[in-house]
Amino acid sequence: MSQQNPYEQLGVTEDATFEEIQAAKQHVIAQLGGDRQLQDNVEAAYDAILMERLKLRQQGKIKVPDGIRFPEKLPAPAKFTSLSVPNSPSWLGDTFEQPDRSQILTTSGVYAVLGGATLVPSVANAALPTLVAFGVGFSLYFVNQKQHRFKRALLGSLMALIVGSAIAAILVNYLHLPVEQIGIQGEVFAGLVVFALLWIVSSFTK
């Protein structure tokens, strides 16, 4: 793909409209299966085309729609780096990444609020399932926002819900963790564990 010109990389002709170019970029990215390197190549090709169109516009050779935003005006995307843990298996770096500060603050704030609401007895008794549903929904939104892969976001969020519930059940019912002695009901404890896993999924998964 790197030997092709930008138009060939996106599968469009040089007289393609901006709408066609944008649609082609999204289509190609959707076909890459989450390969970050190939996605970066597609983004670079897209930016190269826009820069070329910008030069043509400055020369008065083409008219650009008002809604088009050129690369130098685009906001910097959130930067994520793969987690690097010494002697860790390769799948760890392929699955988890270090979020930027804005992302971690946002997800932490959301799940701190949900967890805090869960610890209020009157709220937990009336709306614990609703709070958990909101937690799953936020996880789905955060993960899908990063990678635009709805199925993967849905799978990760549901796995966090299932695994979190299972861990809480094991700790309380089989290992007899004395959560009720500190004033936390078993259902509330399960909700807190689920929120913790949803936070991890929302913040650190690719």
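> What am I meant to see in the nonpolar core here?
Taken as a class, soluble globular proteins show a tendency for nonpolar side chains to be buried jointly. Core analysis: the largest hydrophobic core is formed by 16 residues, its most contacted members being Val110, Tyr111, Leu114, Val132, Phe195 and Leu198. Of all elements in the fold, only helix H5 (101-118), helix H6 (121-147), helix H7 (150-174) and helix H8 (186-204) reach the threshold of two or more residues within this core. A per-element tally of this core places H6 first, with 7 residues. If near-sequence neighbours (up to four positions away) are discounted, Val132 is found in contact with Leu161, Val194 and Phe195. Counting 14 residues, the second largest nonpolar core, distinct from the first, contains Leu10, Val12, Ala16 and Val42.

> Would you mind going over the pattern of salt bridges with me for this structure?
Pairing between side chains of opposite charge can happen when their charged atoms approach one another. Here the structure, examined in full by the defined rule, presents 1 salt bridge. Between Glu43 and Lys25 there is a salt bridge; the shortest N-O distance is 3.7 Å. Taken together, the positions of Glu43 in helix H3 (residues 36-58) and Lys25 in helix H2 (residues 18-30) put the pair 18 residues apart, joining distant regions of the chain. Taking relative accessible area as the criterion, Glu43 reaches 32% and is therefore assigned partly exposed.

Scoring rules and cut-offs
- Residues numbered from 1 in each chain as written.
- Predicted model: local features only at pLDDT ≥ 70, side-chain atom pairs only at ≥ 80, totals over all residues.
- Heavy atoms only, no water.
- Core = buried A, V, L, I, M, F, W, Y, C linked by side-chain atoms within 4.5 Å.
- Buried < 20%, exposed > 50% of the residue type's maximum accessible area, 1.4 Å probe, protein only.
- Helix = DSSP H or I, 4+ residues; strand = E, 2+ residues; numbered from the N terminus.
- Contact = heavy atoms within 4.5 Å.
- Salt bridge = Lys/Arg side-chain N within 4 Å of Asp/Glu carboxyl O.

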